[in-house]
Amino acid sequence: MICSAPGKVFLFGEHAVVYGRHAVVSAINLRTFVKIERHPDFVIESPIGTTGLDAITHPYVTEAIHLIQEIHPIKGCRFHITSEIPVSSGLGSSAAVTVAVIGATNEEFNIGLGRDEIYELARKVEKRVQGIASGTDPFVSTFGGAYQIPEREKIDIKGLNIIIIYTGQESNTKKMVEKVAELRNRFPDIIEPIFDAIDQISLRGIQAIKTGDLDEINFLFGMNQGLLKSIGVSSESIDAIITDVERHGKRGKLTGAGGGGSVITLGSKEDYKMLKSLYPDTFLVSLENEGLKIHG
Ligand code: PMV
């Protein structure tokens, strides 16, 4: 049995979304695939390595199996994981692998979970591993599509060509979310207004997406990035890419937790080729409407 689930990009609003502000997020056409086979023990094979249940190397898969075992007794199975999404890239690879593992196990053992229950389990896994989390990644990975968060109202972003540039530097979501939480505890009077400003950027971004105003979206990317930098989640590699993007007359922003990970910008196929010549791990992506997919 093979299942897959998509990664995602935050167009606007990461981090602020953890504190109830608006965000814009979309599933993308890069997926993580999980093949499950019956086996006496648990074996997890992924690009990170081969382990048994191992909360250090494979925290999301291991936690997912623990939670599934609470509802259905499973003694063992082998998971073979491959991914088009770079690991720890801010593109939701953790949620994608979690959703695909739960989906594949559900199918293989006929557990009978519906999509909502798969999402709830994936959300619990994220909470257990990450501590603080908005639940956005597992939602988008399970259901696909683009959304205004927290309302989960669908948005049509079909017209947007999103270019993703991976910095090659890993983004540690737990670490970055904790860093922002500490900053908020220390300077609530400064950080809350920054979250409010990001909230307004997300709302204006949604209007710009609806009217197809690419200049405005680009401009808002730049402002959102400035605020993300001010809360300490940018990095040297992100800043260097953004400088290159701006040199070519565009704006960009980090996407996801930051501290590494990926940068997004809007652009044509030509822009994509130009950026790929500078940064090999560059992807031109489109909106993915399908969430968890059962390949059989
Ligand atoms: O980097 P990712 O793909 O794990 O996204 C994290 C997004 C945050 O807003 C920073 C955290 C969250 O749970 O929404």
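Scope of this entry: the structure provided in the associated data block. (Residues numbered from 1 in each chain as written. Predicted model: local features only at pLDDT ≥ 70, side-chain atom pairs only at ≥ 80, totals over all residues. Heavy atoms only, no water.)

**Re the sheet that holds strand β9 (residues 252-255)**
Whether parallel or antiparallel, the strands of a sheet pair through hydrogen bonds between backbone atoms.
And step 1. Strands sit in the order β9-β10-β8-β11 across an open sheet of four strands; the sheet is antiparallel. Of all strands in the sheet, those with a lone pairing partner are β9 and β11 (282-285), marking the two edges. Between one strand and the next, the sheet's axes are offset by a mean angle of 30°, whatever the strand orientation.
And step 2. Sheet topology places strand β8 (residues 162-166) next to strand β10 (residues 262-266); five bridges connect them, and they run antiparallel. Across the sheet, the residue bridging to Y166 is S262, located in β10.
And step 3. Of the strands in this sheet, β9 and β10 are in contact with helix α7 (residues 214-230), which crosses β9 at around 55°. (Pairing = 2+ DSSP bridges. Helix = DSSP H or I, 4+ residues; strand = E, 2+ residues; numbered from the N terminus. Axes fitted to C-alpha atoms, helices over the stretch in contact; angles between N-to-C directions. Contact = heavy atoms within 4.5 Å.)

**Some thoughts on the side chain of E108**
And step 1. Structurally, E108 is set in helix α2 (residues 93-108).
And step 2. Of the residues examined, E108 reaches a relative accessible area of 19% and is grouped as buried.
And step 3. At 2.8 Å, the side chain of E108 forms a polar contact with the side chain of R38.
And step 4. Those residues within four positions of E108 in sequence are excluded, and the remaining contacts are M1, I36 and R38. (Buried < 20%, exposed > 50% of the residue type's maximum accessible area, 1.4 Å probe, protein only. Polar contact = N/O pair within 3.5 Å; in protein donor to acceptor, adjacent residues only side chain to side chain.)

**Observations regarding the site of the ligand**
And step 1. Lining the immediate surroundings of the ligand are 16 residues, of which K8, H15, S134, T173 and A257 lie closest.
And step 2. Between the ligand and T173, the relevant distance is 2.8 Å, taken from an oxygen atom to a side-chain nitrogen or oxygen of the residue.
And step 3. For the ligand, the accessible surface in isolation is 390 Å², of which the surrounding protein chains cover 95%.
And step 4. Taken atom by atom, the bulk of the ligand overlaps the largest pocket.
And step 5. For the shell around the ligand, the secondary structure elements donating two or more residues are β1 (2-12) and α5 (173-186).
And step 6. Broken down by class, the residue content of the shell around the ligand amounts to six nonpolar, seven polar and three charged.
And step 7. Residue-level mapping places the shell around the ligand at the junction of two domains, with at least three residues from each of domain 1 (2-153) and domain 2 (156-285). (Near = heavy atom within 4 Å. Areas by Shrake-Rupley, 256 points an atom, 1.4 Å probe, with all protein chains shown as cover. 1 Å grid on protein atoms, 1.4 Å probe; cavity = no way out; pocket = protein on both sides within 12 Å on 5 of 7 lines; lining within 4 Å. Sits in = over half its atoms within 2 Å of the grid points. Nonpolar A, V, L, I, M, F, W, Y, C, P; charged D, E, K, R; others polar. Domains from an automatic or database assignment.)

**Structural notes on the pairing of strand β6 (residues 146-149)**
And step 1. Both faces of β6 are covered, namely the face carrying A146 and Q148 and the face carrying Y147 and I149.
And step 2. The sheet contact formed by strand β2 (residues 23-38) and β6 spans four bridges and is antiparallel. Bridge pairing in β6 links A23 to I149.
And step 3. In this sheet, strand β7 (residues 153-154) lies alongside β6 in antiparallel orientation, the contact comprising two bridges.

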